[in-house]
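Structural features, examined
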Amino acid sequence: MALKYEEVIAKYEPSLGLEVHVELGTASKMFCGCNTVFGAAANTQTCPVCLGLPGALPVVNGKAIEYTIAIGLALNCSIAPYSRFARKNYFYPDMPKNFQTSQYDEPICTNGYLDITIDTDEGSKDFRIEIERVHMEEDTGKSLHMGGATGRIHGADYSLLDYNRAGIPLVEIVTKIVNGCGKYAPEVAKAYVSELRDVLRGLGVSDVKMEQGSLRCDANVSLRPIGSEKLGTRSETKNVNSLKSVERAIRSEMIRHAELLNSNQRVIQETRHFHEDTGLTTSGRSKEQAEDYRYFPEPDLVPIAPSKELIAKIASNLPEKPSVRRKKLQEAWQVPDKEMAAMINAEVLDLVEATVKLGADPTRARSWWLGEIARIANEKAVAAADLAISAADVAEVITLIVKGELTDKLARQVVEALINGEGSVAKIIETRGIKVVSDDSSLMAAIERAIAAAPDVAEKVRGGNIPASGALIGAVMKESKGQADAAKVRDLLLKHLGQG
Amino acid sequence: MINKSAVEMAEALSKGEITSVELTKAHLKQIGEVDEQVHAFLHVDTQGALEQASQVDAKRSAGEKMPALAGVPLALKDVLVQKGIPTTCGSKMLEGWRPPYDSTIVRKLKENGIVILGKTNMDEFAMGSSTENSAYGPTKNPWDLTRIPGGSGGGSSASLASFQAPLAIGTDTGGSIRQPAAVTGTVGVKPTYGGVSRYGLVAFSSSLDQAGPCARTVLDAAYLHEAIAGHDPLDSTSINAPVPAVVAAAKDGNVKGMKIGVIKELQGDGYQAGVLKLFNESLEILASLGAEIVEVSCKYFDYALAAYYLIAPSECSSNLARFDAMRYGIRSGQGSAEEVMNSTRQIGFGREVKRRIILGTYALSSGYYDAYYGSAQKVRTLISRDFESAFKLADVLVSPTAPTTAFKIGEKSNDPIAMYLNDIATIPTNLAGIGGMSLPSGLAAEDGLPAGFQIMAPAMKDDLMYKVGAALEVELNTKWQGPILNSAPKLGAK
C-alpha cells in the first residue's frame, strides 16, 4: 500500500537540486560549423571535428558564449572574466572522442538566483532559487539500442549511432540545494523549470522544447526527518520530459524515499529513470562510487576571456524579465489573478500575447486559447504551441467573428479544421462551405416561413411571451443548417413580431 | 639532381632545366632503389605525386607565377592526415584508414605546389626516440643501417639523409624533429608553439605537439617553414601574428654582436665526448664570426624530463581515447561495445603507447592529479621562467641537440629511461612553447657519426635561430668542403 503524500510531508523535509540542460539554438555546433537542425537524417550533420576524427581540433562558437553570458546575466550570476574548458574523460560509443569538452572548476557563470511564485490554497508564495553555476558543454551523439525488449543497451542485439547531436552546444544550469519548500517541493520545482524556460525563451537562446530534449531536467531529491540537520541520501531522476513530469517525478521520489526510510531501508545514491506512463521511477546507474572523470584543462582550446564591453553590451540587450512582462500584460489586459495563472499553467500566455499583438481583443484571444484550443491540446496530450494553429490564425478567426462573418459555433469548426491541418482560414471556409447567413432578406424569408409554419407560437410572441420565440429561432437555424447568426435571427424575429 | 638542395632544385625548375615530373620520378626511383634498406616510407603515393607534379609543370608552362618551392618533392610524416592517403601514425590501430580530409599543412603544401611523395615511418603515435616503436618495423639510419635514425620522426630524417626527398615534414613533441635531424646529419626545426597549425596532426600531446620543417640545409628549412606556417582559424592555439621572416634571416646569416647563451645544465654528464667537442668547436666558430658567447643557467631543467613524462602521457591518455573501433581503424573482438573497445585497444596499441596511456591515466586520477599533473604544470611554468631569465642575457640559447650520436637498433628498447634521456636537451623548449633548431655540427671522433647543434629562440623569434644556423652552416660546410651528407655511405640497389 503506497504511502500517502500527506504522510510523507508530515514526517520529512525534502531537499531539491535541479540540473537543467539546455540545447542552445545556435545555427552551428559548439566546436565546429555543422548544422544543428533537429530531426535531420542520421549522421548527415557531422564533420571531422564532431566525429572526433584523428587530427581534428575544436574551435569555440562565439555565439554560444554570448548566449551563455546572456543566460548568466538573466539569472543574476557573476560572469567570470576568465574561464576554461576541461575534458571529462569516459568511454561511451556515442561520444566521438571518448571525452566530453565541458567546464569543470572554472565555469563561465556563478552564484545567481531566480525568483519564482507558486499559486497555493494559502495564496501565492514566493521562493528564491539560488543558482550555483551555469556552464557550457557539448552534447553527445545518440545511441539507438535495437532488439531486446527495453530499448536499453543491456539485452540489445546491436546499437545504431547517430552523431548529429554530437557537439550541439549545451548549457547546464545547476541550482544550489533548495531547502525550505516543505510540501510545495514538487510545485516549486515545476515552477522553477517553467520560469527558467520562460527566461530562456525570452532571451531567444533556445527553443526550450522539453519533449524534443532541447530542455532536460535532472531532479535530485533527498528527504530528512523534520528537524534533522543532516541531508539524506539523494537520488537523481532523469528522463523528465515535461513540466508536469517534473512535479510528478519529485512527488513520486519523495514517496519512494519515505517508504524506504519508514521501513528502515537505505536510499541508494543512484540515477533513476522516470516513466511517464506509470508516474514512477526505476533504478538506473549507481552513483555510490564516485566516477573518476580525470578532468583536466582542454589543451586544444584557449581560455574564454569575454571583455567587459561585450558583457555590458549583452546586459544592455537583455529583454525584460518574464515576471515583469507578465505583470504588464495582466494590467494591460485587466485579467484576474486566477485567469492569469490558468494561462501560465496551460502554457498559452505567449500565444495569447501574440494573438493580441495581431489586433485581437485580449478577452476573446484568451478565451479561445484557454478554452477550445487548450481543450483539444489536452485531448491530444500535446502543448497548445505544437498544434497546427498559429496566433495569426486565431487573430483572423476573431476578426471574422467581430465582423459577423463567423458565429462562435462556426468559428469552432474552423479552429478544429485548422488543427486538423486542413489549410488556411480562408481555404477552410471555402472548402467546408462555411458562411454566416447574414443577408437580411433571405433571413426574413426564412423567418416568415417559420411563422407561417407555427402561427400559434408567433401569436404568443406577439402577446409578449418572448421565451416562446426560441422555437421559431430554432426552426430558422435548422433551416440554415446552423449557419445563420442566432443573435441576429432573434433580433429580426422579435422586431418583425413587434417586440424589438 | 637528387643530391642538390631544395632551393637549387627550385631554381632548376623555374629555369626550365628540369620538370617537376622528372624531379619527382628521380626521387621515386631513389625510393625504389634504397628504401628497401632504409624503410623510411610507410606509403609511397606514386600516382598522386606524379599527378601533382604534372599539374605544377602545366601551370608553370602556362606562365603562372609559382610559389618558391613549387614542384619540389617532400616526404610527409605519417602523423599528418592527407585526404584519401593511408594515415597510420605508425600504429596498427589505424591500419587501412584513409582520412576524409586534409590537414592544414597538407593544404598549404598543395597550395605551394610542393609534391607529396608519401608518408614516412615514425614511432607509434610519435612516442619514441628511435622509430623502433613503429608497428611496421624500424627505419634504419642511412649512415649505418644497424643504427636508429632518431625518433619519432626517423622516417622523415632518414628520407632526407638517403636522398629520397629533399624536404620533409616532422612533428616535435619532445624532440621528434630535432633529435632525428641530429643523428642523421640533417636540419630540423620545431617552430614556436602555435606557429604552424596543428589541424590534421593526429595528437599525441596537444600542448606540446608542433609540426615543422625538415631539410638538408638551413635555407631549405626556412622556405618550407614559411610555406607551412601562419594563423589557422581551425586551430584555436594557432598564433594570430605574422610569420617570422625566416627566409630573410637564413639568407642574412650575420651573427655579429649577437649574444649566444650556452645552457650550463645541458652538457657534461651523460653527453658523449665527441658530441661535446663538436659543440664547442661550433661555439668557437660563432665567436669567430663576432658573436658573444655567454653561459646561462636554467636550474629547473633538471625537472624537465619528469614533468614532460607526466604532461605528455596525461594528454595522450585522453587524446588516444578516441581509438575505440567505433568509427574508423581496425576492429577486434565480439560482444558488447565495451568488449570490442577493450580487445581492439589491446591488439591495436603497442607497448610504449600502452605504457604512456596507463601512466597518464594514473597521473590524472582524482587524488593523484595535484601531485602529478598539477606539479608538472608548475614545473612547466618554472622552466618557462628559466628561459625568460636566460633570454634576458642572450638572444638565442644553444646546446648539443642530443647527448649521443645514433645508437644501435635494439640497444635501448628494453630500457625506457635510457631512451627518454635522449630527449633531455630538446624537451625544455616544448614545455616552454618556444622554437628550437638542430643542424649538423660534424662527425663525432669516436664513431664517425653525425651530431647536432641546437639553437633555441624566444617565442615568435624563430628568425633568430635561422640567422645563427645559417651563419654556422656556411662555416662548417667550408670546413667539411661541402655538405656533411657527402660523407655518408652510398646506398644503392643491392
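Not measured: the values here are computed from a predicted model. (Residues numbered from 1 in each chain as written. Chains lettered and ligands numbered in written order. Predicted model: local features only at pLDDT ≥ 70, side-chain atom pairs only at ≥ 80, totals over all residues.)

Remarks on the overall build of chain A
Applied cut-off: Helix numbering and strand numbering both begin at the N terminus, where a helix is a DSSP run of H or I of at least 4 residues and a strand a DSSP run of E of at least 2. Throughout, a residue-residue contact means that the two C-beta atoms, derived from backbone geometry, are no farther apart than 7 Å.
Looking only at helices and strands, chain A has 16 helices and 14 strands in total. Viewed in the frame of its principal axes, chain A has a C-alpha envelope of about 95 × 55 × 55 Å. If you take every contact in chain A between residues at least 6 apart in sequence, the share linking residues at least 24 apart comes to 68%.

Some thoughts on the overall build of chain B
Applicable threshold: The globule rule used here is 2.2 Å times the number of residues to the 0.38 power, and the radius of gyration it is set against is calculated over C-alpha atoms. Burial is judged by counting the other C-beta atoms within 10 Å of a residue's own C-beta: 20 or more makes it buried, 12 or fewer makes it exposed, and any count in between marks it as partly exposed, with every C-beta position built from the backbone.
Looking only at helices and strands, one finds 16 helices and 11 strands in chain B. Here chain B has a C-alpha radius of gyration of 21 Å; the compact-globule value for 494 residues is 23 Å, and the two agree. Its C-alpha atoms give chain B principal-axis dimensions of about 60 × 55 × 45 Å. Here chain B holds 494 residues, and 63% of them are scored as buried. Considering only contacts in chain B between residues 6 or more positions apart, those separated by 24 or more positions represent 76%.

So, the nonpolar core
Within soluble globular proteins, side chains that are nonpolar tend to cluster in buried spots. For the record, the criterion: Nonpolar cores are built from buried Ala, Val, Leu, Ile, Met, Phe, Trp, Tyr and Cys residues. These are joined into a set through C-beta atoms within 7 Å.
Ranked by internal contacts, the top residues of the largest apolar core, which has 159 residues, are Leu74, Val396 and Val468 of chain B. When sequence neighbours within four positions are dropped, the list of residues in contact with Val468 of chain B reads Val255, Met258, Ile260, Leu286, Val396 and Ile455 of chain B.

A look at the domain arrangement of chain A
For clarity, the cut-off: Where each domain begins and ends is defined by an automated method or by a domain database.
Domain assignment breaks chain A into domain 1 (5-313), domain 2 (320-431) and domain 3 (440-496). A straight line from the C-alpha centre of domain 1 of chain A to that of domain 3 of chain A covers 63 Å.

Overview of the pairing of strand β12 (residues 270-274) of chain A
All names here are of chain A. Using the following cut-off: DSSP bridges decide pairing: two strands pair if at least two such bridges lie between them.
With three bridges connecting them, strand β11 (residues 235-240) and β12 associate as parallel partners. Following the sheet pairing, Thr237 is matched in β12 by Arg272. Inspection of the sheet shows β12 paired to strand β13 (residues 281-286) by four bridges, in the antiparallel sense. Each residue of the ladder has a partner; that of Arg272, found in β13, is Ser283.

A word on the interface of chain B and chain A
Convention followed: Under the convention adopted here, Pro, Cys and the residues Ala, Val, Leu, Ile, Met, Phe, Trp and Tyr are nonpolar, Asp, Glu, Lys and Arg are charged, and Gly plus all remaining residues are polar.
With 33 residues of chain B at the interface, the matching set in chain A holds 26 residues. Breaking the side of chain B that touches chain A down by element, the ones donating at least two residues are α10 (304-319), α11 (337-348) and α12 (351-364) of chain B. Along the lines of polarity and charge, the residues of the side of chain B that touches chain A split into 16 nonpolar, 11 polar and six charged.

Regarding the sheet that holds strand β3 (residues 86-89) of chain A
Residues and elements named next belong to chain A. Here we have three strands laid out as an open sheet, ordered β4-β3-β14, and antiparallel in their pairing. Looking at strand neighbours, the two that pair on one side only are β4 (99-102) and β14 (296-297), the edges of this open sheet. In this structure, β3 lies alongside β4, joined through four bridges in antiparallel fashion. Within the sheet, the bridge partner assigned to Asn89 lies in β4 and is Phe99.

A look at the environment of Asp252 of chain B
Position of Asp252 of chain B relative to the elements: it lies in helix α8 (residues 246-252). Distance in space between the C-alpha atoms of Asp252 of chain B and Ala470 of chain B is 7.9 Å, their sequence separation being 218 residues.

Details of the environment of Cys32 of chain A
Mapped onto the secondary structure, Cys32 of chain A falls in the loop between β1 (12-23) and α2 (62-74). Those residues in contact with Cys32 of chain A, other than ones at most four positions away along the chain, are Cys47, Val49, Cys50 and Gly167 of chain A.

Observations regarding the sheet that holds strand β2 (residues 78-79) of chain A
Residues and elements named next belong to chain A. Rules: A fitted line through C-alpha atoms represents every axis, and for helices the fit uses only the stretch in contact; the resulting angles, taken between N-to-C directions, go from 0 to 180 degrees.
Reading across from one edge, β2-β5-β6-β9-β1-β10-β11-β12-β13 is the order of the nine strands in this open sheet, with mixed pairing throughout. One side of each edge strand has no neighbouring strand; the edge strands of this open sheet are β2 and β13. Contacts between helix α3 (residues 185-203) and the sheet are confined to β1, β5 (109-120), β6 (123-138), β9 (169-175) and β10 (215-225), with β5 contributing the most and set at about 120° to the helix.

Remarks on the confidence of the model for chain B
Applicable threshold: The quantity known as pLDDT measures the predictor's confidence residue by residue, on a range of 0 to 100.
Summary statistics for chain B give a mean pLDDT of 97 and a share of 100% for residues scoring 70 or more. What the predictor reports for the complex is a pTM of 0.88 with an ipTM of 0.95.

Things to note about helix α4 (residues 104-111) of chain B
Every α-helix winds through 3.6 residues per turn, so residues three or four apart in the chain are directed the same way. Residue and element names in this part refer to chain B. All of the buried residues along α4 are Thr104, Ile105, Val106, Lys108 and Leu109. The elements touched by buried residues of α4 are β2 (73-77), β3 (115-120), β4 (167-172), β6 (210-215) and α7 (218-228). One or two steps after α4, the chain reaches Gly113, where phi turns positive at roughly 70°.

Notes on the pairing of β6 of chain A
Residues and elements named next belong to chain A. Two strands pair when backbone bridges link them, and β5 and β6 are joined in this way by 11 bridges, in the antiparallel orientation. Bridging across to β6, Thr110 finds its partner in Arg133. Counting the residues between successive antiparallel strands, the hairpin from β5 to β6 contains two residues. Here seven bridges tie β6 to β9, and the two strands are oriented antiparallel to one another. For Glu138, the partnering residue across the bridge sits in β9 and is Pro169.

Here's the deal with the environment of Pro319 of chain A
All names here are of chain A. Here Pro319 shows up in the loop between α5 (308-316) and α6 (322-333). Distance from Pro319 to Ala74, taken between C-alpha atoms, is 8.8 Å for residues 245 residues apart in sequence. Each residue touching Pro319, except ones within four places of it in the same chain, is listed here: Gly202 and Leu203.

Topic: unusual backbone geometry
Each neighbour pair has its own omega, and for Gly151 of chain B with Ser152 of chain B the value is 10°, a cis peptide bond. With respect to the helices and strands, the residue Ser152 of chain B is situated in the loop between β3 and α5 (154-161). Positive phi values are uncommon outside glycine, yet Asn239 of chain A reaches one of about 65°. Here the phi dihedral of Gln334 of chain A falls at roughly 55°; this positive angle occurs in a residue that is not glycine. Here Gln334 of chain A lies in the loop between α6 and α7 (337-345).

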